[in-house]
Amino acid sequence: FEALESDESYESVSLSVEKRVDFSDIVDLEDQGGTADAVIVALRKDDTAYVEVHDLKYGLGVKVKADNNPQILTYGAGVMDELNMLGIEVDHMALVIHQVRLDMLSEALYTGEEVAAHAFNLKEAVRLCESQEGKPEDKLTLIPGDKQCRFCKAKANCPALAKMTF
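Since this is a predicted model, take the numbers as computed values, not measurements.

Basis of the calculations
- Residues numbered from 1 in each chain as written.
- Predicted model: local features only at pLDDT ≥ 70, side-chain atom pairs only at ≥ 80, totals over all residues.
- Heavy atoms only, no water.
- Salt bridge = Lys/Arg side-chain N within 4 Å of Asp/Glu carboxyl O.
- Helix = DSSP H or I, 4+ residues; strand = E, 2+ residues; numbered from the N terminus.
- Buried < 20%, exposed > 50% of the residue type's maximum accessible area, 1.4 Å probe, protein only.
- Expected span 1.5 Å × (residues − 1).
- Patch = residues over 30% accessible without salt bridge, like charges linked within 9 Å, V, L, I, M, F, W, Y side chains within 5 Å.
- Areas by Shrake-Rupley, 256 points an atom, 1.4 Å probe, with all protein chains shown as cover.
- Pairing = 2+ DSSP bridges.
- Axes fitted to C-alpha atoms, helices over the stretch in contact; angles between N-to-C directions.
- Lys, Arg positive; Asp, Glu negative; His and termini not counted.
- Polar contact = N/O pair within 3.5 Å; in protein donor to acceptor, adjacent residues only side chain to side chain.

Caption draft 1: Region of interest: the pattern of salt bridges. Counting across every chain of the model gives 3 salt bridges. The salt bridge involving R44 is made with D91; its shortest N-O contact spans 2.8 Å. Here D91 lies in strand β4 (residues 89-99) and R44 lies in strand β2 (residues 33-44), a separation of 47 residues in the sequence. Note on D91: relative accessible area 23%, which makes it partly exposed. Residues D55 and K57 are paired through a salt bridge, measuring 2.9 Å at the closest nitrogen-oxygen approach. Classification of D55 as buried rests on a relative accessible area of 6%.

Listed below in structure tokens is the structure:
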């Protein structure tokens with residue numbers, strides 16, 4: 001990752017802690033977002049930026065990696081969308097997950113184009129779900145399993161999980 005303190009091409013470097021990241025515009029749904037634990041934006045004089053998005057995972061049970069992690073990648077897409085609205089182009093983005101209780105740090109570096117591709121794929125997935133007929137619960141195929149259900153807030157009321165366990 002870039003050494004921010006030694007690069008004189010940056011006009012400014014900002015740090016946001018507990019940054020609310022909105023990605024409603026990306027998925028065309030209201031009130032969609034989350035909180036990144038830290039966001040660093042290093043702005044160059046040509047209105048391009050290097051961005052780092054950091055997420056703290058406090059648990060002990062599951063190691064979480066930054067590479068191809070949909071949660072932190074979506075946070076990154078939301079940060080990039082916000083910067084794009086200000087006329088700032090993100091050329092590279094580092095996604096970093098800190099798991100202090102496991103003494104683990106996971107980092108992944110993406111180009112702005114790769115983050116934009118994730119945002120596009122996310123938007124297309126939402127569009128596909130919305131284009132289906134029927135009740136909202138019929139719009140998604142629920143596929144229960146250990147990985148996808150482990151932290152799901154709806155698992156107590158999930159019909160697919162109930163069918164799998166009985």
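Caption draft 2: Expanded view of unusual backbone geometry. With phi around 55°, E18 is a residue other than glycine that occupies positive phi space. Structurally, E18 is set in strand β1 (residues 10-22). One non-glycine residue, D103, adopts positive backbone phi at about 50°. Topologically, D103 is positioned in the loop between β4 and β5 (104-111). D103 gets classed as exposed once you look at its relative accessible area, which sits at 75%.

Caption draft 3: Local environment of helix α2 (residues 70-85). With 16 residues, α2 should cover 22 Å at 1.5 Å per step; its first-to-last C-alpha distance of 22 Å lies within 8% of that length. Once α2 ends, the next one or two residues include G87, with phi positive near 85°.

Caption draft 4: Fine view of a nonpolar patch on the surface. A cluster of nonpolar side chains, L56, Y58 and V100, forms an exposed patch at the surface whose accessible area comes to about 320 Å². The topology assignment puts Y58 in the loop between β3 (48-56) and α2.

Caption draft 5: Structural view of the sheet that holds β1. If you trace the 5 strands from one edge of the open sheet to the other, you get β1-β2-β3-β4-β5, paired in mixed fashion. Of all the strands in the sheet, the pair left with one neighbour each is β1 and β5. Adjacent strand axes in the sheet meet at a mean angle of 15°, parallel and antiparallel pairs treated alike. Bridge count between β4 and β5: 8 bridges; the pairing is antiparallel.

Caption draft 6: Highlighting the side chain of E52. Looking at the element boundaries, E52 is found in strand β3. For the buried E52, no salt bridge is present, and the opposite-charge side chain at shortest range is R44, 10 Å distant. A polar atom in the side chain of E52 sits 2.8 Å from the side chain of Y50.

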